[in-house]
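Structural characterization, general
Chain residues, written in single-letter form:
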Amino acid sequence: MIGYGAIVLALLVTMTAAVCSGAAGMVRKAGRQSWEQNGRVCYQISAGLIGIAAVYLLYLILGNRFEYAYVFGYTSRDLPLAYKFSAFWAGQEGSFLLWLVFHAVFGLLLTRKPAAPAGTMAVYSLLQAVLLIMLLVKSPFMMLAEPRLDGAGLNPLLQDPWMVIHPPVLFLGYAALAVPFAYAIDGMLTGKHQEWLRPAAPWALFALSTLGAGMFIGGFWAYKVLGWGGYWAWDPVENSSLVPWLAAGALVHLLFLAKVRPGAVKAVYAGVICSFSLVLYGTFLTRSGILSDFSTHSFADEGVGGLLGLTVLVVAFLAFALYIAKLPGMPSGELYPGLASREFTLALTALLLAFFGILVFVGMSTPLVTMAFGSPKSVGSAFYNNAALPLAVAMAAALTAGPLLGWGRTQTGSRKQYIWLALFFLGGLLLAGSLTLYRPLIMLTVGLACAATAANVYGAYTRKISVAAGFSHIGVTVMLVGIMASGAGSQSAVVTLIQGQSQTILGERVIFAGTEPAAGGAGFHHTFHAGLDKTEVRSLTKLNSQGAPAAREPGIYRTLLADMYIAPIPQEDADHGPELTLVKGQPFTQEGVDLTFIKFNMAGMDGSGDVRVQAIIEVAAGGQTQEVRPELTNRNGYIVGSTVKALDRYVLHITGLKPGEGKVTVEFKDEKAAPQAAELEKLEVEISRKPLINLVWLGAALITAGAGWAAFNALAGYNRQVNRGQGPAART
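Residues numbered from 1 in each chain as written. Predicted model: local features only at pLDDT ≥ 70, side-chain atom pairs only at ≥ 80, totals over all residues. Heavy atoms only, no water.

Per an unreviewed UniProt entry, the protein carries the name Cytochrome c-type biogenesis protein CcmF and comes from Sporomusa sphaeroides DSM 2875. We quote the UniProt Sequence similarities (unreviewed entry) comment for the protein here in full: "Belongs to the CcmF/CycK/Ccl1/NrfE/CcsA family." (UniProt positions renumbered as here; feature names shortened; annotations may be inferred.)

Written as structure tokens, this is what we have:
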């Protein structure tokens with residue numbers, strides 16, 4: 001009752017704050033300050049109520065209050081404390097509340113001096129009201145009809161340190177993009193098209209940093225935990241985070257361009273609206289259940305899909321309608337003075353990011369569009385890979401030219417600079433060749449990325465670009481090399497390892513040491529020794545509460561230049577016995593048991609039921625004989641084999657038959673056979689070698705750090721401007 005009541009009250013107070021702030025934005029003189037003050041106070045109260053709801057949910061989780069459906073669904077008594085915290089945002093309801101908490105905290109920052117304009121707070125409060133309505137529809141405070149003694153527990157896949165921080169970091173970015181959106185709507189309504197650019201810039205950069213960090217952490221978690229060997233699968237849920245990040249990247253470059261070219265303001269408005277609308281659209285796609293057949297990460301529809309879809313349509317329609325109505329009054333002018341200018345490279349970079357975002361948007365929306373025509377389909381990884389590669393080449397080229405150019409019409413680089421860039425480009429080509437990356441576009445990307453890295457180091461050193469920008473740009477180029485090398489240059493092999501025996505696979509020595517239970521009985525480890533120094537590497541199979549495998553973490557042998565990725569292949573067939581082929585009338589002896597296939601027997605041919613083919617087999621052992629009849633059933637076009645037991649110990653599972661040749665195949669297993677203790681353990685694994693994958697993680701860290709550093713610089717610059725008493729538009 002406390003949590004639900006806090007949400008209801010927060011909605012009422014938030015709406016009051018929106019009305020007061022909206023009135024303050026419309027009142028010209030008398031009473032304006034009072035309306036603005038009331039709006040600010042109401043907003044602060046609403047943020048406090050949201051905080052109460054969040055703290056109360058955390059109290060319920062930590063207190064094992066399993067009478068609440070959310071607590072029961074995502075926690076249990078034996079769940080470690082860190083994962084009890086992460087259970088807060090493990091489900092739809094909790095993740096909406098987490099998003100709302102960040103939104104409220106950012107709103108409180110906007111009410112501090114220099115406070116955001118009243119119109120901005122009105123828009124921001126309305127967005128908060130939408131999140132509160134979603135929480136009322138999908139509340140984490142619903143109670144079960146009967147209290148439970150223990151909870152269902154947290155999905156073992158989510159019980160990982162990286163998954164503890166991945167959602168919060170991502171939601172920081174989602175919440176931050178609402179701030180430039182609110183500023184932009186207010187800017188269009190008031191006609192102050194440039195005043196909002198400087199206060200909005202730190203938020204856009206912060207969103208770029210946190211969205212990127214959240215995505216990269218998710219990719220690292222997938223690489224470390226899921227065991228499929230990659231970090232990005234173009235899954236629709238992954239893409240729903242990538243598209244807003246690309247849009248935020250385009251927006252940031254346009255914001256820098258608009259500081260010197262007022263004609264870019266129109267594009268900035270469009271970028272802000274697209275960025276935030278794409279956050280809402282991605283949320284709708286992943287939480288409405290539409291993608292549940294196309295994504296392993298997608299939420300099922302739990303009653304909020306319609307509301308989310310309506311929110312996307314209303315927000316995007318109203319924002320773009322206002323944009324079109326105000327377009328004639330926005331500043332105009334040329335975007336760049338010439339091709340050899342910083343302005344051109346900024347516009348080109350924004351265009352490339354936007355175009356990439358559109359391609360991914362089309363791909364991830366394909367299930368939704370095709371669903372309207374009655375045959376939902378999705379696009380494969382090849383679509384994205386083929387579309388992204390030319391854009392990667394263009395991006396690397398832009399990052400090479402940008403740091404060497406100044407604002408306005410400038411001289412291009414010197415001959416000496418070009419010679420150095422050419423040397424780095426050739427070095428990149430040689431690197432690609434050494435990794436057997438012979439595809440022309442990939443070689444070109446690696447070569448240009450190496451040249452771009454050198455250009456940005458030079459640009460940051462000579463202060464042609466900021467050090468923060470240099471960090472981010474170098475992060476992109478380093479990541480491009482890492483993606484190309486670890487993707488196109490990856491090698492893999494499926495092998496069977498025998499315990500204690502050394503095998504050389506993909507150039508590395510590997511020894512399978514054995515299997516042992518994990519601490520607390522939560523699963524089991526496979527232990528390997530890899531490399532010349534026999535470094536110990538362990539994979540982990542986690543078990544769920546029923547004792548069945550629920551997550552398979554690979555073992556990773558890390559070196560500076562490459563990872564060896566060891567992923568045990570699920571052994572569902574480990575308990576199965578050998579497959580035998582029995583010929584009609586010919587006895588077959590297996591492990592001292594005589595098996596004789598007698599004949600086939602057909603059933604269900606009259607249409608009264610499923611068509612079945614029985615194989616009558618005589619099993620004889622220890623002076624006893626029994627006839628069993630395993631059968632194959634044709635059920636709706638699928639052939640299903642049955643399992644039978646003979647003499648209370650021999651299990652036969654029929655797998656196939658050839659009536660024309662009088663043959664049947666069965667799997668045979670003696671359930672009471674003594675274990676062969678002396679036999680060495682075998683393990684089938686897929687081993688991959690991923691060259692230069694560390695560059696992917698290094699690039700991700702540099703991009704995130706650079707964008708965060710730039711956000712701090714932009715905020716400090718804005719505060720210095722305000723403290724000097726200059727208007728926000730003084731330097732825009």
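Now that the structure is up, let's keep going.
Scanning the protein from N- to C-terminus turns up 17 helices and 19 strands. Viewed in the frame of its principal axes, the protein has a C-alpha envelope of about 105 × 70 × 50 Å. Burial statistics for the protein: of 732 residues in total, 51% are counted as buried. Carbon and sulfur atoms form 62% of the exposed surface of the protein, whose accessible area is close to 33200 Å². (Helix = DSSP H or I, 4+ residues; strand = E, 2+ residues; numbered from the N terminus. Buried < 20%, exposed > 50% of the residue type's maximum accessible area, 1.4 Å probe, protein only. Areas by Shrake-Rupley, 256 points an atom, 1.4 Å probe, with all protein chains shown as cover.)

What follows deals with the nonpolar core. Of all hydrophobic cores here, the largest spans 144 residues; its most connected members are Trp99, Phe181, Trp196, Trp245 and Val268. By residue number, the principal contributor to this core is helix 7 (residues 161-190), which donates 15 residues. If near-sequence neighbours (up to four positions away) are discounted, Trp99 is found in contact with Leu131, Phe171, Tyr174, Ala175, Val279, Leu280 and Thr283. Counting residues in each nonpolar core, the second largest holds 20 residues, with Ile617, Ala621, Leu652 and Phe668 among its members. (Core = buried A, V, L, I, M, F, W, Y, C linked by side-chain atoms within 4.5 Å. Contact = heavy atoms within 4.5 Å.)

On to the side chain of His166, then. As for its position among the elements, His166 is in helix 7. Note on His166: relative accessible area 16%, which makes it buried. Of note is the side chain of His166, whose polar atom sits 3.5 Å from the backbone nitrogen of Gly218. Excluding residues that lie within four positions of it along the chain, His166 makes contacts with Gly214, Ile217 and Gly218. (Polar contact = N/O pair within 3.5 Å; in protein donor to acceptor, adjacent residues only side chain to side chain.)

A grouping of Phe355, Ile358, Phe361, Val362 and Phe383 is seen on the molecular surface, where their side chains present a nonpolar patch of about 420 Å² in accessible area. Per element, the largest residue contribution to the nonpolar patch is four residues, and it comes from helix 12 (residues 342-371). (Patch = residues over 30% accessible without salt bridge, like charges linked within 9 Å, V, L, I, M, F, W, Y side chains within 5 Å. Salt bridge = Lys/Arg side-chain N within 4 Å of Asp/Glu carboxyl O.)

For the rest of this paragraph, the subject is the packing of aromatic side chains. As enumerated under the stated definition, the model contains 30 aromatic pairs in all. Ring geometry for Phe171 versus Tyr174: centroids 5.5 Å apart, planes at 90°, classification edge-to-face. Of the two residues, Phe171 and Tyr174 both sit in helix 7, three residues apart, roughly one turn of that helix. By the burial criterion, Phe171 is buried, and Tyr174 matches it. Seen from their ring centres, Trp234 and Tyr384 are 4.7 Å apart, and the 5° between their planes marks the pair as stacked. Of the two residues, Trp234 sits in the loop between helix 8 (197-226) and helix 9 (236-258) while Tyr384 sits in helix 13 (residues 381-401), which places them 150 residues apart along the sequence. Side by side, Trp234 and Tyr384 carry an identical accessibility label, which is buried. Here the aromatic cluster, defined as three or more aromatic residues joined through ring pairs, consists of Trp162, Phe220, Tyr223, Tyr231, Tyr565 and Trp697. Its end group placed over the ring of Phe72, Arg148 keeps NZ or CZ at 4.8 Å from the ring centre. Lys690 extends its terminal NZ or CZ atom over the ring of Tyr565, reaching a point 5.6 Å from the ring centre. (Phe/Tyr/Trp six-rings, centres within 6.5 Å; stacked < 30°, edge-to-face > 60°. Lys NZ or Arg CZ within 6 Å of the ring centre and 35° of its normal.)

Once that is clear, we can look at the packing of helix 9 against helix 12. In helix packing, the relevant descriptors are the interaxial angle and the interaxial distance, both defined with respect to the helix axes. Interhelical geometry of helix 9 versus helix 12 gives an angle of 160° and a closest axis separation of 8 Å. Classified by the interaxial angle, the pair formed by helix 9 and helix 12 is roughly antiparallel. As helix 9 packs across helix 12, the resulting crossing turns out to be left-handed. Where helix 9 approaches helix 12, its residues Pro236, Asn239, Ser240, Leu242, Val243, Leu246, Gly249, Ala250, His253, Leu254, Phe256 and Leu257 are matched on the opposing element by Glu343, Leu346, Ala347, Thr349, Ala350, Leu353, Ala354, Phe356, Gly357, Val360, Phe361 and Met364. Within the contact of helix 9 with helix 12, the residues separate by chemical class into 17 nonpolar, six polar and one charged. (Axes fitted to C-alpha atoms, helices over the stretch in contact; angles between N-to-C directions. Parallel < 35°, antiparallel > 145°, perpendicular 65-115°, else oblique. Left-handed = near helix turned anticlockwise from the far one by under 90°. Nonpolar A, V, L, I, M, F, W, Y, C, P; charged D, E, K, R; others polar.)

A separate point is the sheet that holds strand 9 (residues 579-583). In space, the four strands of this open sheet follow the order 9-18-17-16, with antiparallel pairing throughout. Taken across any chain shown, the strands that pair with only one partner, and hence form the sheet edges, are strand 9 and strand 16 (643-646). Between one strand axis and the next, the sheet turns through 35° on average, direction left out of account. Relative to strand 18 (residues 663-670), strand 9 runs antiparallel, the two sharing five bridges. (Pairing = 2+ DSSP bridges.)

On to the sheet that holds strand 4 (residues 523-530), then. The sheet built from five strands is open, its strands ordered 2-3-4-5-6 with antiparallel pairing. The open sheet terminates on both sides in strands that have one partner only, identified here as strand 2 (502-505) and strand 6 (549-553). Each strand of the sheet is rotated relative to its neighbour by a mean of 30°, with strand direction disregarded. With four bridges joining them, strand 5 (residues 535-543) and strand 6 adopt antiparallel strand pairing. When the bridges of strand 6 are listed, Leu540 appears paired with Glu553.

The next point concerns the pattern of salt bridges. Within this structure, the stated rule accounts for eleven salt bridges. Lys542 serves as the salt-bridge partner of Glu553, at 3.2 Å between the closest nitrogen and oxygen. Here Glu553, found in strand 6, pairs with Lys542, found in strand 5; they are eleven residues apart in sequence, far enough to count as distant. Each of the two residues, Glu553 as well as Lys542, counts as buried. Salt-bridge contacts for Arg649 lead to Asp670; the nearest nitrogen and oxygen are separated by 2.8 Å. One end of the pair, Arg649, is in the loop between strand 16 and strand 17 (650-658); the other, Asp670, is in strand 18, and 21 residues separate them in sequence. Among the ionic contacts, a cluster of salt bridges with common partners joins Arg261, Glu334 and Glu343.

We now examine the UniProt feature "domain: Cytochrome c assembly protein" (unreviewed entry) in the protein. UniProt records the feature "domain: Cytochrome c assembly protein" (unreviewed entry) at residues 89-288, using the numbering of this structure. Counting secondary structure, residues 89-288 comes out at 73% helix and 0% strand; the distance between its end C-alpha atoms is 17 Å.

In this section: the environment of Ile511. When you line up the elements, Ile511 lands in strand 3 (residues 508-517). Note: C-alpha distance between Ile511 and Gly531 (20 residues apart in sequence) is 9.1 Å. When residues no more than four places from it in sequence are discounted, the contact partners of Ile511 are Gly500, Gln501, Ser502, Thr527, Phe528, His529 and Lys534.

Turning our attention to the side chain of Ser688. Locating Ser688 in the fold gives a position in strand 19 (residues 682-691). Residues in contact with Ser688, not counting those within four places in the same chain, are Gln491, Ser492, Leu506, Asp563, Met564 and Tyr565.

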